[in-house]
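One letter stands for each residue in the lines below.
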Amino acid sequence: MSRTDFLKDALLTAAPYVIMGQYGALFTADPGVSGANTNEVTGGTYARQPLPWVAPVPGPGVGERSIVAVAIFDIPAGITVTHVGTCLSSGGPDVADVTTLVPPYGPILVASTLTVTFTSAEGG
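So, a few notes on the structure that sits alongside this text. Sequence order as written defines residue numbering, which begins from 1 separately in each chain. Per-residue local features are limited, in this predicted model, to residues with pLDDT of at least 70; the limit for side-chain atom pairs, both in listing and counting, is 80 or more; totals at the level of whole chains, interfaces and linings are taken over all residues. Heavy atoms from the whole structure form the basis of all side-chain values; hydrogens and water molecules are not counted.

The subject of this paragraph is the overall build of the protein chain. The helix and strand tally for the protein chain stands at 1 helix and 8 strands. Starting at the N terminus and ending at the C terminus, the protein chain contains elements arranged as β-α-β-β-β-β-β-β-β. Throughout this description, buried means an accessible area under 20% of the type-specific maximum (1.4 Å probe, protein chains only), exposed means over 50%, and partly exposed covers the range between. In the protein chain, buried positions account for 32% of the 124 residues. Only heavy atoms matter for contacts: two residues are in contact if any of them lie within 4.5 Å across the pair. Put simply, of all contacts in the protein chain between residues at least 6 apart along the chain, 70% involve residues at least 24 apart. Working definition of accessibility: Shrake-Rupley area with a 1.4 Å probe, residue cover restricted to the visible protein chains. Working note: accessible area of the protein chain is about 6800 Å², and carbon and sulfur atoms make up 62% of it. For helices the rule is a DSSP run of H or I covering at least 4 residues; for strands it is a run of E covering at least 2, with both sets numbered from the N terminus onward.

Written out as structure tokens, the structure is:
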């Protein structure tokens, strides 16, 4: 995963452990490091989804702690999802963290849903 400039700035100016992606988002191409919502999926009933993070648990590596959240997205037909990310709000230019899907999901032939499990680990 690559951290965006938006997240780096937020971490430098916020109390430790306060900043966490509260919403999940899907992208049709890499949104870049600016934190903008460039290339976010649009159309149909797609919307960023709240991430109900669970309490930290051990793992996956030695000395690490991880948290997990699951979100279900509605995806319009004709879309290929190449990246997933976390954001600080339900809309706006606040993408915090992005990862590439390998292989990409799609192209979607008919409107469907995609279930994504988000995991964040620290330490080690």
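To continue, consider the nonpolar core. Here is a general trend for soluble globular proteins: nonpolar side chains tend to be buried in one another's company. Counting residues in hydrophobic clusters, the biggest one holds 20 residues, and the most contacted among them are Leu-26, Phe-73, Ile-75, Val-116 and Phe-118. With 4 residues, the top contributor of residues to this core is strand 5 (residues 64-75). Contacts of Phe-73, omitting those with residues within four sequence positions, involve Gly-24, Ala-25, Leu-26, Tyr-46, Ala-47, Arg-48, Gln-49, Ser-112, Thr-113, Leu-114, Val-116 and Phe-118. To define a nonpolar core, start from buried Ala, Val, Leu, Ile, Met, Phe, Trp, Tyr and Cys residues and group those joined through side-chain atoms within 4.5 Å.

A pairing counts as a salt bridge when a side-chain nitrogen of Lys or Arg comes within 4 Å of a carboxyl oxygen of Asp or Glu. Considering all chains together, one arrives at 2 salt bridges under this definition. One salt bridge connects Glu-40 with Arg-48, and the closest N-O pair in it is separated by 3.0 Å. Each member of the pair, Glu-40 as well as Arg-48, carries the same accessibility label: buried. Across the pair Asp-94 and Arg-48 runs a salt bridge whose closest N-O atoms are separated by 2.8 Å.

This brings us to unusual backbone geometry. For the bond running from Val-102 to Pro-103, omega is -5°, close enough to zero to count as cis. Positionally, Pro-103 belongs in strand 7 (residues 95-105). A cis amide bond links Gly-106 to the next residue, Pro-107, at an omega of 10°. Assignment of secondary structure puts Pro-107 in the loop between strand 7 and strand 8 (112-123). Positive phi, normally seen in glycine, also occurs at Asn-39, with a value near 70°. With respect to the element layout, Asn-39 can be found in the loop between strand 2 (23-27) and strand 3 (49-50).

Right, let's talk about the environment of Thr-100 for a bit. Within the element layout of this structure, Thr-100 appears in strand 7. Of the residues examined, Thr-100 reaches a relative accessible area of 46% and is grouped as partly exposed. Ignoring anything within four residues of it in the chain, the contact list for Thr-100 reads Thr-82 and His-83. A polar contact of 3.2 Å, which involves the side chain of Thr-100, links it to the side chain of His-83. For the purposes of these results, a polar contact is taken to be a pair of N or O atoms within 3.5 Å, where, inside protein, one atom must be able to donate a hydrogen and its partner to accept one; residues adjacent in sequence count only when each atom of the pair is a side-chain atom.

Along strand 2, 4 of the 5 residues are buried, which leaves the element largely enclosed by surrounding structure. Note that strand 2 and strand 3 share 2 bridges and pair antiparallel. Across the sheet, Tyr-23 pairs through a bridge with Pro-50, a residue of strand 3. Strands are treated as partners if at least two bridges between them are detected by DSSP. In the sheet, strand 2 pairs with strand 6 (residues 81-87) via 5 bridges, with the strands oriented antiparallel. The residue of strand 6 that forms the bridge with Tyr-23 is Cys-87.

Shape descriptors only; they carry no functional weight alone.
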